[in-house]
Number of protein chains: 2
Amino acid sequence: MTEIAPPIDYQTEPSRYRHWRLEFDGDVAYLIMDVDQAGGMGDYELKLNSYDLGVDIELNDAVQRLRFEHPEVRAVVIKSGKDNVFCAGANIRMLGKATHQQKVNFCKFTNETRLAIEDASENSRQTYICAVNGNAAGGGYELALAADHIMLVDDRRSAVALPETPLLAVLPGTGELTRVTDKRKVRRDRADVFCSIEEGVRGTRALDWRLVDEVVPNSKWKDAVAARAHEIAARSDRPKDAKGIRLNPIERKIEADRVAYSHVDVEVDRARGLATVTVRGPGESVPASVDAAHQLGDKFWPLTVARELEDAILHLRSNEREIGVVLFRTDGNAQGVLAHDDFLARANGDWLMREIHHYLKRVLKRIDVTAKSFIALIEPGSCFAGTLAELAFAADRSLMLIGTREGDNRKPAAITLGEANFGFYPMGNGLMRLQTRFLGEPETLDTLKGKIGAAIEGEEAAELGLVTTAYEDFDWDDELRILLEERTSFSPDAMTGMEANLRFAGPETMETKIFGRLTAWQNWIFQRPNAIGEQGALKLYGSGVSPTFAKERV
Amino acid sequence: MTEIAPPIDYQTEPSRYRHWRLEFDGDVAYLIMDVDQAGGMGDYELKLNSYDLGVDIELNDAVQRLRFEHPEVRAVVIKSGKDNVFCAGANIRMLGKATHQQKVNFCKFTNETRLAIEDASENSRQTYICAVNGNAAGGGYELALAADHIMLVDDRRSAVALPETPLLAVLPGTGELTRVTDKRKVRRDRADVFCSIEEGVRGTRALDWRLVDEVVPNSKWKDAVAARAHEIAARSDRPKDAKGIRLNPIERKIEADRVAYSHVDVEVDRARGLATVTVRGPGESVPASVDAAHQLGDKFWPLTVARELEDAILHLRSNEREIGVVLFRTDGNAQGVLAHDDFLARANGDWLMREIHHYLKRVLKRIDVTAKSFIALIEPGSCFAGTLAELAFAADRSLMLIGTREGDNRKPAAITLGEANFGFYPMGNGLMRLQTRFLGEPETLDTLKGKIGAAIEGEEAAELGLVTTAYEDFDWDDELRILLEERTSFSPDAMTGMEANLRFAGPETMETKIFGRLTAWQNWIFQRPNAIGEQGALKLYGSGVSPTFAKERV
């Protein structure tokens, strides 16, 4: 059944890459895909630059490091290190053997990585170019779609293709369909034709149909790619002489029921189906200067927390599949969190502070699309302030203690809003979490802005709508117990569907369409016998036997 | 397996209703739900005003007739004819026994009916009020959500509730979740709580949470509802003294492989998995006056075509489930179609012409969300003009003949654009079909506006992007055969998912979120063992046995 067994580790570094190479040419980096056929996570061969989760974990790491470790890089060219093939997409044997959960989570992480590439182009001004030197099929073309500029070699052979539907009876579902219609704005009937042609589209037709941005003869290919990359690099506002920081291995201790990081703890109670993620506020005051923050590097608290929280969320997704409910707690000093937020905001012109800000944004977005119920517990000693208050606003519910606990002399629990809550961290729908929350009463946002910096205690927070409910100490334990018993008793699937819909009120963007609409259709298809049954296309691919489809249209 | 066997007939009329009553009080109509427990379409009892497709077919008919037959009605009050219960939602035994296809299509039709109610409030100014006199649970509350104004009796008992998730392990998925977040704009954590409480929310809390618009004590209930209805009716612009037209039974002859209407033909080729829908243009010129059009009543060509095409589409969905590809043909005179469009446009102040316009819009929207591949064939003798050209723009692909056919002395095939194509028929995403089509090249729209009224022949139509491909006569048969063989060979599920994504490029609305996002999640859940397995909640409901859920979060 399960071909790829947990634990899956999302941490890596270039010296350990098996599938990617980085080469540098001044302000341009080449991110070269050269998948090790024998380097898959399971019992399959990664032929023709096809990929599995392991390949994507390295890609994600490379995209991240380019932003933090290489401020001098202003354009990144993704290309293939193999002759005659760019990338054959997700490995089909892997998909055929994967469980439903694995397929869904593989696609989710892949989507996030593609969006991180787009985020780098847009917000780090480290612009991605895709140099398609060979066939780019399925997820291979999806990788190209994530770039800002797609170049295709015109060698009468190389094509871009989305053959998932004719070949595998599934969708080009890791963002491809949505990017084709909403990013490339390909005419719908052309998109329909394109998605039906196994062999794809090449040359000037690919250009005419807006599937690529540029078609280059083979003879001029290498020079043209380099010239385009340097031209695009020249438009970036990234600093010329800055020194990157090193992303060292994160501090992490993995035990049976616990993962302990320097500022994040994950505790798992499998019997109850619960995990608790505790995030600790900064232990030290803000650095004396932006230079000092650079000196701290990955020990600078906002960056440390971003990295650790991200790893914790990914760990829970992949390695704690039967945990349905995650409690968020924080521990520390609210003013320390706000001071760090302000530091980031004031230094926003600095490339590194900008990176940290957008990284925190991406980590919070990972929470928004994680299929677990999140419940924030706001208690004395916590620091749900500014950036960390977003954890409460990202949660499906939040419970807050009114006043203090008997025998506990800490100050009453409070939420402290900061500027960060009103502009730093848009969700996938383009709105801040508070905007989404108060879609029906935008005037509340003005009230809340007036309370920036103030410690908002339980009753007031409930009154303002910042938390779901506030309880006195003598009710707390019972109410929480009842809530958790109830939540963990519900159908996990119904929770996933409900949360995916309730979390994203209001406008939709390409990003929410990918996660909300396209993903849901793909998940549906990933369960259908026509795809995964014994006679289904995904199961029979490569066997020489044609699939047999039930003809009923649903 | 199949509890409700085809054929399902979507035609009915008030004298045949088993579940609804209409009462009139001047400018207010009462649409009273009083479901006949023994009147279900399958082997289950429709207790507590629960409903199945048959109940919804009557509701759809009533909503439609109120618009056409009762121009004097300016407000419609939906209420229950039973004591102490408003509506228990979709019948759970029915859902438990239904096939996947039946569940999905039942929900789709129900969604369309709810949207038709909202369309009546918005565009016919026949405003719906829901008087919740008893518990409104699940689809019962969904019915209320479709109204513009929800009144709830405050009798310490009546509540609104969405118990699907805790009770049945499925979503409140026929629009409820999206209406809660996007129409009622309920705060997400309150929505989360609301969707987790089997017993729902009543009284002032329901009002505070924006779940209802008004709470009325039992003692004042009847008067308050009537007063509110008349007050809302007074704001309408519907005419006071107009006379409705009668919607007579449509002319329809059903044969084994054919349904013949007066202006629409459906021919089915089951061996090839194909159906052909042919729509005939008007046989007569436009009426001499708007009064004359009223005299024609349901024989007025645009209304006839709307009714027949709608029935044909619904028939194909429910009764020809294994037909995956539908060809659209038209037959007649393009200028006759455009003349009728212009007639409707010029008379837009007239209530009946307005109704016909919006009805055509709704029928075209049914095509957009139908899970069949639509292919338009534009040949000599066809009349893809104005309103009927929308069939080509709604199709996934369109093929056009260049010039004429040997031995056929009719004029070359042409598309003729009219004003209707630029403003009459928005899709669910709020854009016209041509706007959606040319999202990536809006300047093309200006070019096309300059061609209104001109017969655009094959090569030019292909050049302009109005059709997918144009072929000469000697290529036509082969190209069409290849296309159809290919299309019918693909996985029906992959086609459904692909079309649902490619048809709706660009912006999303509540409507597209319901069909695209929420529906896809519900369809996914409708296949999961936690809902429909032998130990699933939907199967075990009412048995006294608790469901057993697989705990894995996907």
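Above this note sits the structure.
What you see is a predicted model, and the numbers here were worked out from it, not measured in a lab.

Caption draft 1: Region of interest: the overall build of chain A. Check the secondary structure of chain A and you find 22 helices and 23 strands. Here chain A has a C-alpha radius of gyration of 24 Å; the compact-globule value for 554 residues is 24 Å, and the two agree. With respect to the three principal axes, the spread of C-alpha positions in chain A is 75 × 60 × 45 Å. The burial tally for chain A puts 67% of its 554 residues in the buried class. Of the contacts formed within chain A by residues at least 6 apart in sequence, a portion of 75% connects residues at least 24 apart. As displayed, chain A has an accessible area near 19200 Å², and 47% of this comes from carbon and sulfur atoms. Charged side chains of chain A number 70 positive and 86 negative; the gap between the two group centres comes to 6 Å.

Caption draft 2: Quick peek at the pairing of strand β15 (residues 264–269) of chain A. All names here are of chain A. Of the strand pairs in this sheet, strand β14 (residues 258–261) and β15 are connected by three bridges, and their pairing is antiparallel. Within β15, the residue paired with Ala 260 across the bridge is Asp 265. Across six bridges, β15 lies against strand β16 (residues 274–280) in antiparallel orientation. Note that in β16 the partner of Val 264 across the bridge is Val 279. Hairpin remark: β15 followed by β16, antiparallel, with four residues in the connecting loop; positive phi at Gly 273, about 70 degrees.

Caption draft 3: Looking closely at the sheet that holds strand β1 (residues 20–25) of chain B. Residues and elements named next belong to chain B. Taken in spatial order, the six strands of this open sheet run β1-β2-β4-β7-β9-β12, and their pairing is mixed. Bordering the open sheet on either side are β1 and β12 (214–217), each of which pairs with just one other strand. Going across the sheet, the axis of each strand differs from the next one's by a mean of 25 degrees, ignoring polarity. Strand direction decides the pairing type here: strand β4 (residues 75–80) and strand β7 (residues 127–132), joined by five bridges, are parallel. Bridging across to β7, Val 76 finds its partner in Tyr 128.

Caption draft 4: Up close: the state of the cysteines. For the structure on display, the rule yields zero disulfides over all chains. A disulfide-free cysteine, Cys 87 of chain B has its sulfur positioned 9.0 Å from the sulfur of Cys 130 of chain B, the nearest such atom.

Caption draft 5: A look at the environment of Ala 288 of chain A. Within the element layout of this structure, Ala 288 of chain A appears in the loop between β16 and α10 (290–296). For the pair Ala 288 of chain A and Thr 370 of chain A, spaced 82 residues apart in sequence, the C-alpha separation works out to 36 Å.

Caption draft 6: Layout of the pattern of salt bridges. Here the structure, examined in full by the defined rule, presents 126 salt bridges over all chains. A salt bridge links Lys 183 of chain A to Glu 118 of chain A, with the nearest nitrogen and oxygen atoms 2.5 Å apart. On the criterion of sequence distance, the pair formed by Lys 183 of chain A in helix α6 (residues 176–183) and Glu 118 of chain A in helix α3 (residues 100–124) is long-range, its members being 65 residues apart. In this structure Lys 183 of chain A comes out as partly exposed when scored by relative accessible area, which is 27%. Among the ionic contacts, a cluster of salt bridges with common partners joins Arg 188, Asp 192 and Arg 553 of chain A together with Asp 396, Arg 397, Arg 487, Glu 499 and Arg 503 of chain B.

Caption draft 7: Geometry of the pairing of strand β18 (residues 373–378) of chain A. Residue and element names in this part refer to chain A. Most of β18 sits inside the fold, with six of its six residues counted as buried. The two faces of β18 match: Ser 373, Ile 375 and Leu 377 on one face and Phe 374, Ala 376 and Ile 378 on the other face are all buried. Pairing of strand β17 (residues 325–331) with β18 involves four bridges; the strand directions are parallel. Across the sheet, the residue bridging to Val 325 is Ser 373, located in β18. Note: β18 against strand β20 (residues 397–401), four bridges, orientation parallel. Bridge pairing in β20 links Ile 375 to Arg 397.

Caption draft 8: Summary view of the interface of chain B and chain A. On the side of chain A, 84 residues touch chain B, which itself brings 84 residues to the contact. Counting each side, the surface lost to burial between chain B and chain A is near 8300 Å², with a carbon and sulfur contribution of 53%. Area buried by chain B at its contact with chain A is led by Arg 188, Arg 517 and Arg 553 of chain B, which between them contribute 13% of it. Run the count over chain B and chain A and you get 18 salt bridges. In terms of residue class, the side of chain B that touches chain A is built from 35 nonpolar, 23 polar and 26 charged.

Caption draft 9: Fine view of helix α19 (residues 492–502) of chain A. With eleven of eleven residues buried, α19 of chain A is to be regarded as a mostly interior element. Along α19 of chain A, the residues that are buried comprise Pro 492, Asp 493, Ala 494, Met 495, Thr 496, Gly 497, Met 498, Glu 499, Ala 500, Asn 501 and Leu 502 of chain A.

Caption draft 10: Just the relation of the copies chain B and chain A, in detail. The transform that puts chain B on chain A rotates by 180 degrees and translates by 0.0 Å along the axis, for an RMSD of 0.0 Å. Taken together, the turn and the small shift mark the pair as related by a two-fold rotation axis. With an isologous cut-off of 70% or more, the 100% of interface residues of chain B that recur at the interface of chain A puts this contact in the isologous class.

Caption draft 11: Spotlight on the sheet that holds strand β11 (residues 201–202) of chain B. Residues and elements named next belong to chain B. Taken together, four strands build an open sheet; the order of strands is β5-β8-β10-β11 and the sheet is mixed. Every interior strand has two partners, whereas the edge strands, β5 (85–87) and β11, have only one. Alignment of β5 against strand β8 (residues 135–137), held across two bridges, turns out to be parallel. Within the sheet, the bridge partner assigned to Cys 87 lies in β8 and is Ala 136. Along the sheet, helix α4 (residues 139–146) makes contact with β5, β8 and β10 (159–161), crossing β8 at roughly 95 degrees.

Caption draft 12: Spatial organisation of the side chain of Thr 127 of chain A. Its location among the elements puts Thr 127 of chain A in strand β7 (residues 127–132). Those residues in contact with Thr 127 of chain A that lie beyond four places of it in its chain are Arg 74, Ala 75, Val 76, Ser 121, Asp 148 and Ile 232 of chain A.

Caption draft 13: Up close: the packing of helix α4 (residues 139–146) of chain A against α6 of chain A. Residues and elements named next belong to chain A. In contact at an axis separation of 9 Å, α4 and α6 are set at 40 degrees when each is read in the N-to-C sense. Relative to α6, the element α4 is oriented oblique. Note on packing geometry: the crossing formed by α4 with α6 is left-handed. Taken together, the residues of α6 that come into contact with α4 (itself represented by Gly 139, Tyr 141, Glu 142, Leu 145 and Ala 146) are Glu 176, Arg 179, Val 180 and Lys 183. Across the contact of α4 with α6, the residue classes tally to four nonpolar, one polar and four charged.

Caption draft 14: Representation of the packing of aromatic side chains. Residue and element names in this part refer to chain A. Following the criterion strictly, the structure yields 16 aromatic pairs over all chains and no others. A centroid spacing of 6.0 Å and a plane angle of 45 degrees characterise the contact between Tyr 51 and Phe 106, whose relative ring orientation is tilted. In this pair, Tyr 51 is assigned in strand β3 (residues 50–51) and Phe 106 in helix α3, connecting sequence segments 55 residues apart. We classify Tyr 51 as buried; its relative accessible area is 2%. Between the aromatic rings of Phe 68 and Tyr 359, the centroid separation amounts to 5.8 Å while the plane-to-plane angle is 65 degrees, which identifies the pairing as edge-to-face. In this pair, Phe 68 sits in helix α1 (residues 53–69) while Tyr 359 sits in helix α13 (residues 351–368), placing the two residues 291 residues apart along the sequence.

Reading the values: rules and limits
- Residues numbered from 1 in each chain as written.
- Chains lettered and ligands numbered in written order.
- Predicted model: local features only at pLDDT ≥ 70, side-chain atom pairs only at ≥ 80, totals over all residues.
- Heavy atoms only, no water.
- Helix = DSSP H or I, 4+ residues; strand = E, 2+ residues; numbered from the N terminus.
- Rg over C-alpha atoms; globule rule 2.2 N^0.38 Å.
- Buried < 20%, exposed > 50% of the residue type's maximum accessible area, 1.4 Å probe, protein only.
- Contact = heavy atoms within 4.5 Å.
- Areas by Shrake-Rupley, 256 points an atom, 1.4 Å probe, with all protein chains shown as cover.
- Lys, Arg positive; Asp, Glu negative; His and termini not counted.
- Charge placed at Lys NZ, Arg CZ, Asp CG, Glu CD.
- Pairing = 2+ DSSP bridges.
- Axes fitted to C-alpha atoms, helices over the stretch in contact; angles between N-to-C directions.
- Disulfide = S-S within 2.5 Å.
- Salt bridge = Lys/Arg side-chain N within 4 Å of Asp/Glu carboxyl O.
- Buried area = accessible area lost by both parts, 1.4 Å probe.
- Nonpolar A, V, L, I, M, F, W, Y, C, P; charged D, E, K, R; others polar.
- Least-squares fit on C-alpha atoms with pLDDT ≥ 70 in both.
- Parallel < 35°, antiparallel > 145°, perpendicular 65-115°, else oblique.
- Left-handed = near helix turned anticlockwise from the far one by under 90°.
- Phe/Tyr/Trp six-rings, centres within 6.5 Å; stacked < 30°, edge-to-face > 60°.

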